[in-house]
Amino acid sequence: MMDYTDRHFRVLMRQVSRHALLYTEMVVAQALHHGRCEVLLGFDPEEKPIALQLGGDEPKLLAEAAELAQRWGYDEVNLNVGCPSPKVKQGRFGACLMAKPQQVADCVAAMQAACDLPITVKHRIGIDKQDSYEELLHFVDVVAAAGCNRFAVHARKAWLDGMDPKQNRTVPPLRYELVHALKRDRPLLTVELNGGLETLEDCNEQLKKVDGVMVGRAAYAHPLQWTLVDQKVFGDHSRQPLKASEVLRGVIPHAERWCSAGGRLWPIARHLVHLVEGVSGARYWRRQLSREAGERSARPEVLKRAAEQLEDRGL
Ligand SMILES: Cc1cc2nc3c(=O)[nH]c(=O)nc-3n(C[C@H](O)[C@H](O)[C@H](O)COP(=O)(O)O)c2cc1C
């Protein structure tokens, strides 16, 4: 998710789950073509397995980006065919590409030829008036024919005319039944469902009908809620649920490396404030962490103190 699932948040989530596949924010292929690779592609090996999500509509640029993804050590390349933002639409990529399945297929084929990584596609169930199941199936069939066999489907359509991105994540109704039908009718494809999943129970319910689930906002807003995912979804019973302080301590080595290399603490700490909620004193703890970590000169010791405070409370 743009502005949210950056490398620091991913390190946090990797403490929460050893097994879940993590995605980058969307990186525009054109931007990679113009350099800035370290900023756009840099990640910590502990984040793996990790998918690089690309935005773009030109096979040549996307192929170049996919090749870079392989060189940088990513595990997968995912093409964004779901973003409805006007800026992305103006660039002729994101959700508006659902109207051009052959172009998406050409992009997928070019990316596949350029690297050995799995190429997957994230898309909507439809856009504007192109919202029938037949049209969804046609889109998937054309893209699958180019060699993509994993699809992450945001189970709501996007209105590209007249709705902003926020409305496009809430207003059009979720239609899980279309994603279930896709899996039923194309059993050889790997079909993942996204949209509106709030809890592990929601995920396990969907996993009865599809191959995978993708969680966005609920993972960001309530990271600690997912500490049982390795046990309850991936069946890894060696993993015990972590406390907030343990997750926080797990992030400290990353913070030390980041700050030693000249980075500021705040880009890391801004995600950590979501670790504590629903207990007395949570707001005070968050405020204090924000104030101290927001200082220009803040060092990882701030996080150590914050972890000690949680440990004193058994959190
Ligand atoms: C702030 C924000 C940024 C997002 N950025 C991206 C993005 O870069 N790529 C993408 O595929 N989806 C993006 N999304 C959409 C989410 O991945 C997801 O499809 C959508 O929020 C529905 O899933 P959820 O209900 O689990 O959040 C973004 C969503 C939000 C709220």
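**Q** I keep staring at helix α6 (residues 101–114) and nothing clicks. Help me out?
**A** For α6, which comprises 14 residues, the first-to-last C-alpha distance of 20 Å matches the rise-based estimate of 20 Å (1.5 Å per residue) to within 8%. Every buried residue belonging to α6 is among Pro-101, Val-104, Ala-105, Cys-107, Val-108, Met-111 and Ala-114, and all of these are buried. Where the residues of α6 are buried, they touch α4 (59–72), β3 (76–81), β4 (119–124) and α7 (133–145).

**Q** Just checking my understanding: could you explain the environment of Leu-40 for this structure?
**A** Looking at the element boundaries, Leu-40 is found in helix α3 (residues 37–41). In this structure the C-alpha to C-alpha distance between Leu-40 and Lys-209, which are 169 residues apart in sequence, comes to 35 Å. The residues contacting Leu-40, other than those within four sequence positions of it, are Val-27, Ala-31 and Leu-32.

**Q** Explain unusual backbone geometry to me, please; I cannot follow it from the model alone.
**A** Keep in mind that most residues, glycine aside, have a negative phi and that most peptide bonds are trans. At the junction of Lys-48 and Pro-49, the peptide bond is cis and its omega measures out at 0° in the coordinates. Topologically, Pro-49 is positioned in the loop between α3 and β2 (50–55). Positive phi outside glycine occurs at Asp-3, with the angle close to 70°. Mapped onto the secondary structure, Asp-3 falls in the segment before α1 (7–16). Notably, Arg-92 is not glycine yet its phi reads approximately 65°, a positive angle.

**Q** Help me understand the site of the ligand, please; the structure alone is not making it clear to me.
**A** Around the ligand sit 20 residues, and of these Met-1, Met-2, Met-26, Gly-216 and Arg-217 come closest. Contributions of two or more residues to the shell around the ligand are made by β1 (22–28) and α10 (217–221). A per-class count over the shell around the ligand returns 8 nonpolar, 8 polar and 4 charged.

Calculation rules
Residues numbered from 1 in each chain as written. Predicted model: local features only at pLDDT ≥ 70, side-chain atom pairs only at ≥ 80, totals over all residues. Helix = DSSP H or I, 4+ residues; strand = E, 2+ residues; numbered from the N terminus. Expected span 1.5 Å × (residues − 1). Buried ≥ 20, exposed ≤ 12 C-beta atoms within 10 Å, placed from the backbone. Contact = placed C-beta atoms within 7 Å. Near = placed C-beta within 6 Å. Nonpolar A, V, L, I, M, F, W, Y, C, P; charged D, E, K, R; others polar.

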